[in-house]
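# Understanding the architecture of this molecule
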Amino acid sequence: MPVPMLDVNRQNQPLMDEITAAITEVCTTGAFVKGPAVKQLEQNVAEYCGAEHAVGCASGTDALLVALMALEIGPGDEVILPSFTFFATAGSVWRVGATPVFADIVPGTYNLSPEDVERRITPHTKAIMPVHLFGQAADMTALNRIAKKHDLYVIEDAAQAIGATEAGKRVGSLGTIGCFSFYPTKNLGGMGDGGMITTDDAELAHKMRILCDHGQDPRYYHHMVGVNSRLDTIQAAALGVKLRSLDSYAEAREKHAFRYNERFKKLSLSDVIGVPGVAQGRRSVWNQYTVRVENGQRDALQQYLAERKIGSAIYYPVPLHLQACFAELGYQEGDLPHTEQAAREVLSLPVFPELTKAEQSEVIDAIAAFAAQARTGAKRDAA
Ligand SMILES: *Cc1c(COP(=O)(O)O)cnc(C)c1O
């Protein structure tokens, strides 16, 4: 049985009547930009995250960019962030002319190491940008403590983690500004691009709203240079329908993740598969279920799965500190050992909410068969 890595249609199909009705209403009224559905979604997302304000924008990438612009971070400033993340985290820092300073991760959670962050603080550091990778909140308690001590902003890259909590508080309410993406593969996935920025600071919220609209306030009067980044009303209308199911999606993802953990443990696969850890006091929303494949077997396992038409993905094969576009920053292989090891070992398995039990069993059985084969091979080599 083929198993897809992700199937957005299974999620959208049951809601199609509602989504179509919501979109039709926007088309009928013609309020395509800044329509009422945008305001409504902003209110709902702010409330959902436990933040005072939310501002819609065109993508998660723009959310990060506008957050940095609002905090007036630019040339000469340094922002500390993980290298083990999607490109946009560092790309946005680069785009405002600031310097990305890459810190290493904690191997168990793949999230930013507070100790390594603190080591990299200089007089030029303006902000820490933790990423809640794969759906799990970074160690915000420790990072906020460091930020407070050194007077730094904290910009949460929450693109993969809407709904995730640390100590009962949801991401997007844990830093100075929270940045969300509604790209179709995210936990709250739209019908295209979209993003949202959250904050408790009314002044910052106002500034970000203006920055998203060319910096004009009022219209045609520009005190700042902004960008054109708005959440389309059509997108907001569709997302409003899906937001109501978001918790059930997270629950389904968690159930799949726990079943993987339990089955891999029962099958004693720990010599081949390292299961992902969730740190104390956190609840992951499992945007990805990412294992480590040890002994240099990762690519072989991915190929083995692909031959059986089972989807998997490598997030991320090349750490950002080693990307060609950042060569001038002078990082070298070996600089961030935990990050580099993760890039060699990680493999994400299907964990989307609508994955069936039979499909998941197919994935688990294939991995067990691969492990049995790998063990026989290892024994043969040893003999
Ligand atoms: C998806 C993602 C982004 C960018 O979001 P877009 O909406 O695709 O621009 C940023 N950071 C992380 C960690 C992401 O996963």
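Our subject in this report is the structure included herewith. (Residues numbered from 1 in each chain as written. Predicted model: local features only at pLDDT ≥ 70, side-chain atom pairs only at ≥ 80, totals over all residues. Heavy atoms only, no water.)

### Re the sheet that holds strand β12 (residues 289–293)
Just so we agree on the cut-off: Two strands qualify as a pair provided that DSSP identifies no fewer than 2 bridges between them. Runs of H or I in DSSP of at least four residues are treated as helices and runs of E of at least two as strands, each being numbered from the N terminus. Contacts between residues were defined by any pair of non-hydrogen atoms, one from each residue, lying within 4.5 Å. Orientation is described by axes fitted as lines to C-alpha atoms, over the contacting stretch for helices, and by angles from 0 to 180 degrees between their N-to-C directions.
The three strands lie next to each other as β10-β12-β13, forming an open sheet whose pairing is antiparallel. If you trace the sheet from one side to the other, it starts and ends with β10 (273–274) and β13 (346–349), each paired once. Inspection of the sheet shows β12 paired to β13 by four bridges, in the antiparallel sense. Its bridge partner being in β13, Val 291 is matched across the sheet by Leu 347. Across the sheet, helix α10 (residues 246–266) touches β10, β12 and β13, and the angle it forms with β12 is around 25°.

### Examining the side chain of Gln 288
For Gln 288, the position within the fold is in the loop between β11 (282–283) and β12. Here Gln 288 is in contact with Met 5, Phe 134, Tyr 315, Ser 348 and Val 351, once residues within four sequence places are set aside.

### Quick notes on the site of the ligand
Let me state the cut-off plainly: Here a residue counts as near a molecule or strand whenever at least one of its heavy atoms sits within 4 Å of it. In protein, a polar contact requires one atom able to donate a hydrogen and another able to accept it; more generally it is a pair of N or O atoms within 3.5 Å, and residues adjacent in sequence count only if both atoms are side-chain atoms. Methods summary: accessible areas were calculated by the Shrake-Rupley approach with a probe of 1.4 Å, and residue burial reflects only the protein chains presented. Three residue categories are used. Nonpolar comprises Ala, Val, Leu, Ile, Met, Phe, Trp, Tyr, Cys and Pro, charged comprises Asp, Glu, Lys and Arg, and polar comprises the others, including Gly.
Surrounding the ligand, one finds 14 residues, the nearest of these being Gly 60, Thr 61, Asp 157, Ser 181 and Lys 186. The contact in question runs from an oxygen atom of the ligand to an N or O atom on the side chain of Thr 61, over 2.5 Å. With the chains in place, 93% of the 380 Å² that the ligand exposes on its own is no longer accessible. For the shell around the ligand, the secondary structure elements donating two or more residues are α4 (60–70) and α5 (87–95). Among the elements that make up the shell around the ligand, the one with the highest residue count is α4 (three residues). Of the residues in the shell around the ligand, the class split is five nonpolar, seven polar and two charged.

### Things to note about the pairing of strand β4 (residues 125–128)
Spelled out, the test is: Note on handedness: a clockwise path from strand one over the helix to strand two, with the strands aimed away from the viewer, defines a right-handed crossover.
Note that strand β2 (residues 78–82) and β4 share three bridges and pair parallel. Each bridged residue has a counterpart across the sheet, and for Ile 80 the counterpart in β4 is Ile 128. Each parallel crossover has a hand, and for β4 linked through helix α7 (residues 140–150) to strand β5 (residues 153–157) it is right-handed.

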